[in-house]
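Survey of secondary and tertiary structure
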Amino acid sequence: MESGNMRILLQFPEGLKRYALDYAAKLEADGNEVFISASPCYGACDLCLDEARHIRADKIIHYGHYPFIKKVLDIEVEYVPFYIDISPAVIEKLLSFVKDKGFRSISLNATVQHMHQFKDIVKRLEELQVKVVYKEGHLAAEPGHLLGCEDGSHFQEGVDAIITIADGLFHATAISKVPSVPVYVFNPYDGKATLINDIIKKRLRKRRAALAAAIEAETIAILVSTKPGQFSLSFALNTKKKLASFGKKTVLLVANELSPESVGNFQGIDVFINTACPRLADDHDRFGKPVLGMDLVGELFEQLSAMAPK
Ligand code: SF4
């Protein structure tokens, strides 16, 4: 089909929805029929495939993220990153921060909005004789790019500090091990650096508490999301089977959007096992019950095996 004669579904994460009407108007002016997804969108994992199928869209244009879903989809998806410049003054603040702290080597990463300046920032740091490490995470689109579901294992070795350039603490607090070096989030708008080691430790303590609760739990609900990049059906089914072999009662709860509201009215659940976005487990307090992440399910089984009568 000729571009300009398509039915296009536009999808924006929450922070970019304010620009949606302008983008839609431009595409309509080119002769396309345009829909905008009004569903919440939390990441590139969250493609609006169902809506696209219902309206028989020719393609989805997903703004604000790099490609995430590796499998071949039955609909064309164009990813359009949305870059936001870090001002020269704020870049200078970052350089001064690294210099003043005396860091000789750092692990640097950034959220997608700032990746267009990433290599330049690395170069500026290297000119100051700072060794900059930036590896590619298993979900990232390129080295240095950080997603909120990366466990941080690709950036925390052999450096003086880990620095994430991000507006907010969400992405950098995904680390799944207590880091042995300081971890900072550098705000790309005001140039302030926040040390987050204590926040990471607190988060990891909660995760361990969820593991302890799952060991003791009588009834466990396994959460399955139908969001395309979060759908882990086999993992959920295998987990259910294995939990049953340890005498646990289990139930599978499925929804596109899993939230404290969507699962809050079910009674008799002691613990949730989350197979969707790994950061859902951080909403422990809002869920009112422990939420165990997929990455700790293996350890849960090990501990249950060790406790099982021989
Ligand atoms: S799985 Fe969660 S953290 Fe990862 S991209 Fe999706 S919403 Fe973000």
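Keep in mind that what you see is a predicted model, and the values were worked out from it rather than measured. (Residues numbered from 1 in each chain as written. Predicted model: local features only at pLDDT ≥ 70, side-chain atom pairs only at ≥ 80, totals over all residues. Heavy atoms only, no water.)

Right, let's get into the overall build of the protein. Secondary structure summary: the protein contains nine helices and 13 strands in total. In terms of overall size, the protein behaves like a compact globule, its C-alpha atoms giving a radius of gyration of 22 Å where 310 residues would be expected to give roughly 19 Å. Its C-alpha atoms put the protein at 60 × 55 × 30 Å along the principal axes. Taken over 310 residues, the protein has a buried fraction of 49%. (Helix = DSSP H or I, 4+ residues; strand = E, 2+ residues; numbered from the N terminus. Rg over C-alpha atoms; globule rule 2.2 N^0.38 Å. Buried < 20%, exposed > 50% of the residue type's maximum accessible area, 1.4 Å probe, protein only.)

Overall, the coordinates contain 10 aromatic pairs when judged by the stated rule. Between F103 and Y184, the ring centres sit 6.1 Å apart and the planes meet at 50°, which makes this aromatic pair tilted. Within this pair, whereas F103 is found in the loop between α3 (88–101) and β5 (105–110), its partner Y184 is found in strand β8 (residues 183–186), the two being separated by 81 residues in sequence. Both rings, one in F246 and one in F301, keep their centres 6.1 Å apart while their planes meet at 20°; by these two values the pair is stacked. Highlighted residues: F246 in the loop between α6 (233–245) and β11 (249–255) and F301 in helix α9 (residues 297–307), separated in sequence by 55 residues. We classify F301 as buried; its relative accessible area is 11%. Feature note: the residues F12, Y23 and Y63 constitute an aromatic cluster, connected by ring pairs. When the ring centre of Y23 is taken as origin, the NZ or CZ atom of K26, which lies over that ring, is 5.6 Å away. When the ring centre of F170 is taken as reference, the NZ or CZ atom of R279 above it lies at 4.2 Å. (Phe/Tyr/Trp six-rings, centres within 6.5 Å; stacked < 30°, edge-to-face > 60°. Lys NZ or Arg CZ within 6 Å of the ring centre and 35° of its normal.)

A word on helix α1 (residues 20–29). Among the residues of α1, A20, A24 and L27 are the ones counted as buried. The arc that holds every buried residue of α1, seen down its axis, measures 65°, which confines them to one face. Within α1, the exposed residues directed more than 90 degrees away from the buried face are L21, K26 and A29. Buried residues belonging to α1 abut β1 (7–11), β2 (33–36) and β3 (59–63). Just past α1, the residue G31 takes up positive phi, approximately 95°. (Arc of directions from axis to C-beta. Contact = heavy atoms within 4.5 Å.)

Right, let's talk about the pattern of salt bridges for a bit. Under the criterion given, the structure shown has 17 salt bridges. The residue E299 makes a salt bridge to R208 at a minimum N-O spacing of 2.4 Å. Pair noted here: E299 is in helix α9 and R208 is in helix α5 (residues 197–216), with a separation of 91 residues, a long-range link. Residues participating in the shared-partner salt-bridge network are D46, K227 and E257. (Salt bridge = Lys/Arg side-chain N within 4 Å of Asp/Glu carboxyl O.)

Interface size is commonly expressed as the accessible surface area that is lost when the partners come together. Annotation of the protein at the domain level lists domain 1 (7–80), domain 2 (88–195) and domain 3 (205–307). The centre of domain 2, based on its C-alpha atoms, is set 31 Å off from the matching centre of domain 3. (Domains from an automatic or database assignment.)

With that out of the way, let us pick up the side chain of T250. Relative to the helices and strands, T250 is located in strand β11. What makes T250 buried here is its relative accessible area of 17%. Here K240 takes part through its side chain, which lies 2.9 Å from a polar atom of the side chain of T250. With residues up to four places along the chain from it excluded, the contact list for T250 reads I220, I222, K240 and L243. (Polar contact = N/O pair within 3.5 Å; in protein donor to acceptor, adjacent residues only side chain to side chain.)

Before going further, it helps to spend a moment on the environment of G137. Turning to its location among the elements, G137 is positioned in the loop between β6 (131–133) and β7 (161–165). Judged by its relative accessible area of 5%, G137 is buried. Residues G137 and E150 lie 13 residues apart in sequence; the distance between their C-alpha atoms is 6.5 Å. Sequence-distant contacts of G137, defined by excluding residues within four places in its chain, comprise E150 and H154.

Attention shifts here to a nonpolar patch on the surface. Nonpolar side chains collect at one region of the surface, where F231, L233, L237 and L252 lie side by side and expose about 330 Å² of accessible area between them. Along the chain, F231 turns up in the loop between β10 (219–225) and α6. (Patch = residues over 30% accessible without salt bridge, like charges linked within 9 Å, V, L, I, M, F, W, Y side chains within 5 Å. Areas by Shrake-Rupley, 256 points an atom, 1.4 Å probe, with all protein chains shown as cover.)

Of the two faces of strand β4 (residues 76–80), the one lined by V77 and Y79 is fully buried and the one lined by E76, E78 and V80 carries no buried residue. By the bridge criterion, five bridges tie β3 to β4 in an arrangement that is parallel. Bridging from a neighbouring strand, I60 pairs with V77 of β4. (Pairing = 2+ DSSP bridges.)

Let's shift gears to the nonpolar core. A general tendency of soluble globular proteins is for nonpolar side chains to be buried together. Counting residues in hydrophobic clusters, the biggest one holds 25 residues, and the most contacted among them are V98, I106, L108, I121, L125 and I163. Secondary-structure elements contributing two or more residues to this core are α3, β5, α4 (118–127), β7 and β8. With six residues, α3 is the largest single contributor of residues to this core. Residues contacting L108, with those up to four places away along its chain left out, are F118, I121, V122, L125, V132, V133, Y134, G144, I163 and I165. (Core = buried A, V, L, I, M, F, W, Y, C linked by side-chain atoms within 4.5 Å.)

Moving on, we come to the site of the ligand. Taken together, Y42, C45, G148, C149, Q230 and C277 are the residues near the ligand. Of the residues belonging to the shell around the ligand, the class tally is four nonpolar, two polar and no charged. (Near = heavy atom within 4 Å. Nonpolar A, V, L, I, M, F, W, Y, C, P; charged D, E, K, R; others polar.)

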